[in-house]
Amino acid sequence: MVFKKMLSAFGVGGPSVDTVLTNPNTRPGLTLDGQVNLVGGDAEAAIEQVVIGLVTRVEVEGHDTEYAGTMEFHRMVVSGPLQLAPKQQLSIPFQLPVPWETPITDVYGQRLHGMTMGLRTELAIARAVDKSDLDQVAVHPLPVHERILEAFQRLGFRFKHADLERGHIRGVQQTLPFYQEIEFFASPQYASTIREVELTFVTSQRGVEVILECDKRGGFLSAGHDAFGRYQVAHTDADRVDWAQVVDGWLRETTSRYGSLRSQYGGGHGHSRGHGMGGMVAGAALGVAGGMIAGEVIEDAFEGDFGDFGGDE
């Protein structure tokens, strides 16, 4: 399958860039393969570098405000300086490793409502503004992700929404400056105890750290609150256990161990977007993973409409 974008020209008579992905579908820990096709303009051009990067939409907390901005979180230089002659055609092949923590965008061929992902190609020309080509990317779950998501479905949970929250979860080893929250409405059998559940996967080469945040209902003499659970899963466990039984156990343990988990994770919680998992988010440090284009909403950055698939508003 070839996913192709129209040429994006650098003004009249300038060179153009077109990235062709061999397959826009991938999984965490795999690669995105393709080639960057350059076509020279009317005059010779000095290309400083050609860079590809994965970009997505991330929720950002400001001073009493919240907005979504586009973040490039993984990038690779595919070519250093080169001279592009007039009308010269040049193809540069690439293999971009997809980070293990890359969020899931598609399940069973359906886009998770709230998720966007793209591969941006930047062509930097001497004395010219960077121009870019953007291609849609679909990140599918690994087997263990899929089994856990299936278990929630089997237990009657309904998918609500997914998004990315800028920040780090306290005590969890993260390489990316954000984490994904996959939100579910509670199923009838849990409705007396739980309103909603937020599921986070932090994936590595060895396995997955599963973080659950349950919006727990209040009782006759107690107010509602959030309960947290953290569980380690190996990739090799994907087909070894009854995941509905495992997830049911996690949910029951999480909601019953509220006190100790609350003190472990720091206490105090509004909505998870307010303080990010109720004190679990340590800092919203943006390292070398890339910068945030403040206020640039993803719909403006991405050409065309990706659409929203799956889930309920």
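You'll find the structure just up there.
Predicted, not measured: the structure shown is a model, and the values here were computed from it.

The rules behind the values
- Within any chain, residue numbers begin from 1 and follow the written order of that chain's sequence.
- Reporting in this predicted model follows two pLDDT cut-offs: at least 70 for local features of residues, and 80 or more for side-chain atom pairs to be given and counted; totals over whole chains, interfaces and linings ignore these cut-offs and use all residues.
- As a convention, hydrogens and water are excluded, and side-chain values are obtained from all of the structure's heavy atoms.
- To qualify as a nonpolar core, a set must consist of buried Ala, Val, Leu, Ile, Met, Phe, Trp, Tyr and Cys residues joined through side-chain atoms within 4.5 Å.
- Here's how the labels work: a residue is buried when its accessible area is under 20% of the maximum for its type, exposed when over 50%, partly exposed in between, all with a 1.4 Å probe on protein chains only.
- The helix and strand labels rest on DSSP assignments: H or I over at least four residues marks a helix, E over at least two residues marks a strand, and numbering proceeds from the N terminus.
- The contact rule is simple, with two residues in contact once any of their heavy atoms fall within 4.5 Å.
- The span you would expect from a helix comes to 1.5 Å times its residue count less one.
- This arc is taken over the directions from the axis of the helix to the C-beta atoms.
- Cavity and pocket criteria rest on a 1 Å grid covering protein atoms alone: a 1.4 Å probe that fits but cannot get out defines a cavity, protein on both sides within 12 Å along at least 5 of 7 lines defines an open pocket, and an atom within 4 Å of a point defines a lining residue.
- Grid points are joined across faces, edges and corners, and a volume is the space filled by probe spheres set on the points.
- Amino acids are sorted into nonpolar (Ala, Val, Leu, Ile, Met, Phe, Trp, Tyr, Cys and Pro), charged (Asp, Glu, Lys and Arg) and polar (every other residue, Gly among them).
- In short, DSSP must find at least two bridges between two strands for them to pair.
- Whenever Lys or Arg places a side-chain nitrogen within 4 Å of a carboxyl oxygen from Asp or Glu, that contact is recorded as a salt bridge.

Caption draft 1: Seen up close, the nonpolar core. Within the largest apolar cluster, 62 residues are counted, with the highest numbers of intra-cluster contacts made by Ile148, Phe152, Leu199, Val210 and Leu251. Per-element tally for this core: the top contributor is strand S6 (residues 45-61), with six residues. Setting aside chain neighbours within four positions, we find leucine 199 in contact with Ile148, Leu149, Phe152, Gln180, Glu181, Ile182, Phe184, Val210, Ile211 and Leu212. Core analysis: the second largest hydrophobic core is formed by five residues, Val172, Tyr179, Val202 and Ile211 among them.

Caption draft 2: Focus on helix H1 (residues 143-154). The end-to-end C-alpha distance of H1, which contains 12 residues, comes to 16 Å, matching closely the 16 Å that a straight helix rising 1.5 Å per residue would cover. For H1, every residue scored as buried is listed here: Val144, His145, Ile148, Leu149, Ala151 and Phe152. Buried residues of H1, seen end-on, are gathered within an arc of 150° and therefore sit on one face of the element. Projecting away from the buried face of H1 at angles above 90 degrees are the exposed residues Gln153 and Arg154.

Caption draft 3: Inspection of the layout of surface pockets at higher detail. Approximately 270 Å³ is the volume attributed to the second largest pocket. If you trace the second largest pocket, you find 16 residues lining it, with Gln173, Val202, Thr203, Ser204 and Arg206 closest to the centre. Here the lining of the second largest pocket is built from residues that sort into seven nonpolar, six polar and three charged.

Caption draft 4: Representation of the pairing of strand S3 (residues 16-21) within the structure. Most of S3 sits inside the fold, with six of its six residues counted as buried. Residues Ser16, Asp18 and Val20 line one face of S3 and the alternating positions Val17, Thr19 and Leu21 line the opposite face, and both faces are buried. For S3 and strand S5 (residues 31-39), the ladder comprises six bridges, and the chain directions are antiparallel. Each bridged residue has a counterpart across the sheet, and for aspartate 18 the counterpart in S5 is asparagine 37.

Caption draft 5: Expanded view of empty space enclosed by the protein. Inspection of the entire model under this criterion finds two cavities of 30 Å³ or more. Of the pockets and cavities examined, the largest cavity occupies roughly 70 Å³. As for the largest cavity, its lining consists of Glu101, Pro103, Gln174, Phe178, Tyr179, Gln180, Phe201 and Val202. At the level of elements, strand S16 (178-185) and strand S17 (194-203) are the ones that each hand at least two residues to the lining of the largest cavity. Of all the elements, S16 adds the most residues to the lining of the largest cavity, at three residues. Class assignment of the residues belonging to the lining of the largest cavity gives a composition of five nonpolar, two polar and one charged. Estimated volume of the second largest cavity: approximately 50 Å³. Pro28, Trp100, Glu101, Thr102, Pro103, Ile104, His145, Gln180, Phe201 and Thr203 together form the lining of the second largest cavity.

Caption draft 6: Just the pattern of salt bridges, in detail. One pass over the structure, following the stated rule, counts 15 salt bridges. With a shortest N-O distance of 3.8 Å, glutamate 122 and arginine 75 are connected by a salt bridge. Of this pair, glutamate 122 sits in strand S12 (residues 117-125) while arginine 75 sits in strand S7 (residues 66-79); the two residues are 47 residues apart in sequence, bridging distant segments of the chain. Of the residues examined, glutamate 122 reaches a relative accessible area of 16% and is grouped as buried. Judged by its relative accessible area of 39%, arginine 75 falls in the partly exposed class. When the shortest N-O distance is used, the salt bridge between arginine 230 and glutamate 209 registers 2.6 Å. Placement of arginine 230 in strand S19 (residues 225-234) and of glutamate 209 in strand S18 (residues 207-216) is noted, with a sequence separation of 21 residues between them.

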